[in-house]
Amino acid sequence: MHDTFDTVITNVRIASMADNGQPYGTTSHTAVGIRSGKIAALFEELPADISATHTVDGNGQWLLPGLIDCHTHLIYAGDRANEFEMRLQGISYAEIAKQGGGIKSTVKATRQASEKALFDSAKQRAERLLEEGVTTLEIKSGYGLDLDTERRMLKVARQLEDALPVSVRTTFLGAHALPAEYSNDADGYISLVCDTMLPDIAANKLADAVDVFCESIGFTPAQTERVFQAAKAHGLPVKAHVEQLSDLKGAVLAANYDALSVDHIEYLAEEDVGHLKDTVAVLLPGAFYYLHETQKPPIEALRKQGIPMAVATDLNPGSSPLASLLTAMNMACVLFAITPEEALLGTTRHAAKALGLNDRGMIDEGLRADLTLWDIDHPAQLVYSINGQRPKARWVGGRHV
């Protein structure tokens, strides 16, 4: 039977990242057929009786799934380069915050920025990630801390998907910090998030998930749980920034609410790792590096318990101004002692799971044709070198970009 495809990619080595018992999910297939945005067929040898609108010769290069950055805060106004200089001169973060710096300065600038200004700056950051092979991107709100600005940030995130060859997942992070107008009323602000902001954002379908910063400098477990309950009431899955600076048992709480992911987790207690069976642990080495932290996530315990580990940039203006997922992978290996294969799983299959997406992150029939082609000798090279690689070709939903 004659088979027709939109695109056939031939002469490739495939690291599918699927769980097939082989390192990097390597397969004996050498060609991929794409139809209607999906991987329609995998071939060990290309049959003579097929045709394609487009044929691409991979020249023996490696074909991998598109990369997924599953935790970013890339929409904001202004920057904090001046604070970076101040910290290097010995001025404490607390003193900078007292002078109106820190997240307060980003919130002020973001509230004042137009939708177009937010879009233009976010587009530049997103383009840096896409250059490295990112085909799916998660973007959080959280620098508005009022309904108007949070809504504006999420609208811009949706616009980025229309403007760029990337799939965007949006996360409402209204409970990111306490705005100045609620400085002595954290419970009152959480009421605003749960009773006003979240219902509006859910009704307008602006968010795919809801996140909370559960931390000593963020929100308490009780306040976090209120947001989780409100999210569930509106049919939205939850995620959580937890155990970054202390152990408040936020990861266990999030797991009890079937969280898609628990992120940071440097202070996660080993005895709590077993609670995370149905969630993904997201490692964010950029913030660890940038803040000069020393407490590392319990990698060996996560590994032993079989908890999937994702890796993301945490791209944000304050603690991880990192617009390079490949560098984040390298950092995760060097700083947290994960393997290159774990780092690549963390930006493909496990990152997809952290976003609740079961249609991507691997190369297999029936999945979305998000693919990257690399001129490398081995997949580990993507993690080993810093700023050494760019994909030779990318396909997003089957479209060659």
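- As recorded by an unreviewed UniProt entry, the protein carries the name Imidazolonepropionase and is attributed to Fluctibacter halophilus.
- The UniProt entry for the protein carries the following comment under Pathway (unreviewed entry): "Amino-acid degradation; L-histidine degradation into L-glutamate; N-formimidoyl-L-glutamate from L-histidine: step 3/3."
- The heading Function (unreviewed entry) in the UniProt record of the protein holds the text "Catalyzes the hydrolytic cleavage of the carbon-nitrogen bond in imidazolone-5-propanoate to yield N-formimidoyl-L-glutamate. It is the third step in the universal histidine degradation pathway."

Some points on the side chain of Ser 141
And then number 1: Counting through the fold element by element, Ser 141 comes out in the loop between strand E8 (134-140) and helix H5 (147-163).
And then number 2: Residue classification places Ser 141 among the buried positions, given a relative accessible area of 1%.
And then number 3: One polar contact links Ser 141 to Glu 150, side chain to side chain, over a distance of 2.6 Å.
And then number 4: If we ignore the near neighbours within four places in the chain, the residues touching Ser 141 are His 73, Glu 150, Met 153, Leu 154, Thr 171, Phe 172, Leu 173 and Gly 174.

Things to note about the state of the cysteines
And then number 1: Counted by the stated rule, this structure contains 0 disulfides.
And then number 2: Looking at Cys 333, it has no disulfide partner, and the nearest cysteine sulfur is the one in Cys 70, 15 Å off.

A few points about the packing of helix H6 (residues 186-203) against helix H7 (residues 221-233)
And then number 1: At a minimum axis distance of 10 Å, the contact between H6 and H7 shows a crossing angle of 10°. Judged on the interaxial angle alone, H7 and H6 are roughly parallel. Facing Ala 186, Asp 187, Ile 190, Ser 191, Val 193, Cys 194 and Leu 198 of H6, the residues of H7 in contact are Gln 223, Arg 226, Val 227, Ala 230 and Ala 231.
And then number 2: In terms of residue class, the contact of H6 with H7 is built from 8 nonpolar, 2 polar and 2 charged.

A word on the nonpolar core
And then number 1: Residues Leu 74, Ile 75, Phe 172, Leu 198, Val 227, Leu 302 and Leu 344 are the most contacted members of the largest nonpolar core, which totals 96 residues.
And then number 2: Apart from the residues within four sequence positions on either side, Leu 198 is in contact with Phe 172, Val 193, Val 210, Val 227, Ala 230, Ala 231, His 234 and Leu 236.
And then number 3: Listed in part, the 15 residues of the second largest apolar core include Val 12, Ile 39, Ala 369 and Trp 395.

Focus: unusual backbone geometry
If a residue is not glycine, its phi is most likely negative; likewise, a peptide bond is most likely trans.
And then number 1: The backbone phi angle of Met 17 is positive, close to 60°, even though this residue is not glycine.
And then number 2: Note on placement: Met 17 falls in the loop between strand E2 (13-14) and strand E3 (31-35).
And then number 3: The phi dihedral of His 264 is positive, around 90°, even though this residue is not glycine.
And then number 4: Topologically, His 264 is positioned in strand E12 (residues 261-264).

Thoughts on H5
And then number 1: Its 17 residues place the ends of H5 24 Å apart at the C-alpha level, agreeing with the 24 Å of an ideal helix rising 1.5 Å per residue.
And then number 2: Residues Leu 147, Thr 149, Glu 150, Arg 152, Met 153, Leu 154, Val 156, Ala 157 and Leu 160 constitute the buried set of H5.
And then number 3: Of the surrounding elements, those touching the buried residues of H5 are helix H3 (103-112), helix H4 (115-131), E8, strand E9 (167-175) and H6.

Comments concerning the packing of aromatic side chains
And then number 1: The full count for this structure, using the stated rule, is 7 aromatic pairs.
And then number 2: Taking the centre distance of 5.9 Å and the plane angle of 85° together, the rings of Phe 5 and Phe 43 count as edge-to-face. Taken together, the residues span a long stretch of sequence, with Phe 5 in strand E1 (residues 3-10) and Phe 43 in strand E4 (residues 38-43) at a distance of 38 residues. Accessibility classification places Phe 5 together with Phe 43 in one group, the buried group.
And then number 3: Look at Phe 288 and Phe 336: their rings are 5.0 Å apart centre to centre, the planes differ by 75°, and that puts the pair in the edge-to-face class. On the criterion of sequence distance, the pair formed by Phe 288 in helix H9 (residues 285-290) and Phe 336 in helix H11 (residues 325-336) is long-range, its members being 48 residues apart.

Brief notes about the pattern of salt bridges
If the charged atoms of two oppositely charged side chains come close together, the side chains can form a pair.
And then number 1: Summed over all chains, the structure comprises 20 salt bridges.
And then number 2: Measuring nitrogen to oxygen at the nearest pair gives 2.9 Å for the salt bridge that ties Arg 35 to Asp 3. Residue Arg 35 is found in strand E3, and its partner Asp 3 is found in strand E1; the two are separated by 32 residues along the sequence.
And then number 3: Owing to a relative accessible area of 31%, Arg 35 belongs among the partly exposed residues under this scheme.
And then number 4: Lys 249 is the partner of Asp 247 in a salt bridge, and the nearest nitrogen-oxygen pair spans 3.0 Å.
And then number 5: Put simply, Arg 111, Asp 146 and Glu 181 are held in one network by salt bridges that share partners.

Here's the deal with the pairing of E8
And then number 1: Taken across its 7 residues, E8 has 7 buried, putting it largely inside the fold.
And then number 2: In this sheet, E8 lies alongside strand E7 (residues 67-69) in parallel orientation, the contact comprising 3 bridges. Note that in E8 the partner of Asp 69 across the bridge is Leu 137.

Calculation notes
- Residues numbered from 1 in each chain as written.
- Predicted model: local features only at pLDDT ≥ 70, side-chain atom pairs only at ≥ 80, totals over all residues.
- Heavy atoms only, no water.
- UniProt positions renumbered as here; feature names shortened; annotations may be inferred.
- Helix = DSSP H or I, 4+ residues; strand = E, 2+ residues; numbered from the N terminus.
- Buried < 20%, exposed > 50% of the residue type's maximum accessible area, 1.4 Å probe, protein only.
- Polar contact = N/O pair within 3.5 Å; in protein donor to acceptor, adjacent residues only side chain to side chain.
- Contact = heavy atoms within 4.5 Å.
- Disulfide = S-S within 2.5 Å.
- Axes fitted to C-alpha atoms, helices over the stretch in contact; angles between N-to-C directions.
- Parallel < 35°, antiparallel > 145°, perpendicular 65-115°, else oblique.
- Nonpolar A, V, L, I, M, F, W, Y, C, P; charged D, E, K, R; others polar.
- Core = buried A, V, L, I, M, F, W, Y, C linked by side-chain atoms within 4.5 Å.
- Expected span 1.5 Å × (residues − 1).
- Phe/Tyr/Trp six-rings, centres within 6.5 Å; stacked < 30°, edge-to-face > 60°.
- Salt bridge = Lys/Arg side-chain N within 4 Å of Asp/Glu carboxyl O.
- Pairing = 2+ DSSP bridges.

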